[in-house]
Amino acid sequence: MEISDDINAGSPVEDEFEREIVSVFQETLGLIHIALVSHYQLSEQEATELEKDLFVWFRRFCCRPGASVRDNRPYLLVACCQFAREYQKYIIGTGIRASDARLASILDREPADVAHDFSRSLGLYEFRRSDG
């Protein structure tokens, strides 16, 4: 997924905030993509479209007062799992796609629990990145 480098002209604080949102999203995108394609079994095209929706959601979510953009990353992973779960349940429910045991197993889990597992993977990933 490509996120536009065009950042609306605004104050330097707004520009920095927008850059941080893009940065955190881009840093998390690999894990999001793995979750969508490998675990939730979405096609590449479905994953790309969902990633676009997630970016819009994450940008809006980060505008809420309270936590920093980086502190909001776990919520991005929960939203990813929630979006993918609901989408797959809809697709399977309408008969467009069949489920297998592995997909059924992940769809039966709560999105927050699945996201927690992915968050641990992200922690390991960040540790490896800072090492090299």
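Rules used in this analysis
Residues numbered from 1 in each chain as written. Predicted model: local features only at pLDDT ≥ 70, side-chain atom pairs only at ≥ 80, totals over all residues. Heavy atoms only, no water. Helix = DSSP H or I, 4+ residues; strand = E, 2+ residues; numbered from the N terminus. Axes fitted to C-alpha atoms, helices over the stretch in contact; angles between N-to-C directions. Parallel < 35°, antiparallel > 145°, perpendicular 65-115°, else oblique. Left-handed = near helix turned anticlockwise from the far one by under 90°. Contact = heavy atoms within 4.5 Å. Expected span 1.5 Å × (residues − 1). Buried < 20%, exposed > 50% of the residue type's maximum accessible area, 1.4 Å probe, protein only. Core = buried A, V, L, I, M, F, W, Y, C linked by side-chain atoms within 4.5 Å. Salt bridge = Lys/Arg side-chain N within 4 Å of Asp/Glu carboxyl O. Arc of directions from axis to C-beta. Polar contact = N/O pair within 3.5 Å; in protein donor to acceptor, adjacent residues only side chain to side chain. Phe/Tyr/Trp six-rings, centres within 6.5 Å; stacked < 30°, edge-to-face > 60°.

(A) Just unusual backbone geometry, in detail. Phi is positive for Gln41, which is not a glycine, with a value near 60 degrees. Note on placement: Gln41 falls in the loop between α1 (12-39) and α2 (44-62).

(B) How the structure looks around the packing of helix α3 (residues 73-93) against helix α4 (residues 101-108). For the pair α3 and α4, the least separation of the axes is 10 Å and the interaxial angle reads 130 degrees. Classed by the angle they form, the pair α3 and α4 counts as oblique. Considering only the axes of α3 and α4, their crossing is left-handed. On the side of α3, the interface is formed by Arg85, Gln88, Lys89 and Ile92, while α4 contributes Leu103, Leu107 and Asp108.

(C) How the structure looks around α3. Compared with an ideal rise of 1.5 Å per residue, which puts 21 residues at 30 Å, α3 spans 30 Å between its outermost C-alpha atoms and is within 8% of the ideal. Every buried residue of α3 is accounted for by Arg73, Leu76, Leu77, Ala79, Cys80, Cys81, Ala84, Arg85, Gln88 and Ile91. At the exit of α3 stands Gly95, carrying a positive phi of roughly 85 degrees.

(D) Quick peek at the nonpolar core. Phe25, Ile32, Leu36, Tyr40, Leu54 and Phe58 are the most contacted members of the largest nonpolar core, which has 30 residues in total. For this core, the elements supplying multiple residues, two or more each, are α1, α2, α3, α4 and α5 (111-131). When residues in this core are grouped by element, the largest group, nine residues, is from α1.

(E) Local environment of the pattern of salt bridges. Under the counting rule described, the total for this entry stands at seven salt bridges. Note that Glu16 is salt-bridged to Arg19, the shortest N-O span being 3.6 Å. Placement of the pair is Glu16 and Arg19 together in helix α1, with a separation of three residues, close to one helical turn. Looking at Arg19, the relative accessible area reads 41%, which means it is partly exposed. A salt bridge links Arg109 to Asp117; the nearest nitrogen and oxygen atoms lie 2.7 Å apart. We classify Arg109 as partly exposed; its relative accessible area is 32%. It is possible to trace a salt-bridge network through shared partners that takes in Glu27, Arg70 and Arg73.

(F) View of α4. Residues Leu103, Ile106 and Leu107 constitute the buried set of α4. An end-on view of α4 places all buried positions within 100 degrees of arc, on one side of the element. Those residues of α4 that are exposed and angled more than 90 degrees off the buried face are Ala101 and Asp108. Put simply, Asp100 is the residue that caps the front of α4, since its side-chain oxygen is 3.2 Å from the backbone nitrogen of Arg102.

(G) Just the packing of aromatic side chains, in detail. Here the structure, examined in full by the defined rule, presents four aromatic pairs. Seen from their ring centres, Phe25 and Phe58 are 6.4 Å apart, and the 40 degrees between their planes marks the pair as tilted. Of this pair, Phe25 sits in helix α1 while Phe58 sits in helix α2; the two residues are 33 residues apart in sequence, bridging distant segments of the chain. Each ring, one from Phe61 and one from Tyr75, has its centre 5.3 Å from the other, and the planes form 45 degrees; the classification is tilted. Of the two residues, Phe61 sits in helix α2 while Tyr75 sits in helix α3, which places them 14 residues apart along the sequence. Judged by its relative accessible area of 45%, Tyr75 falls in the partly exposed class. Joined through ring pairs, the aromatic side chains of Phe25, Phe55 and Phe58 make up one cluster.

Interpretation note: all reported values are geometric properties and have no functional meaning in isolation.
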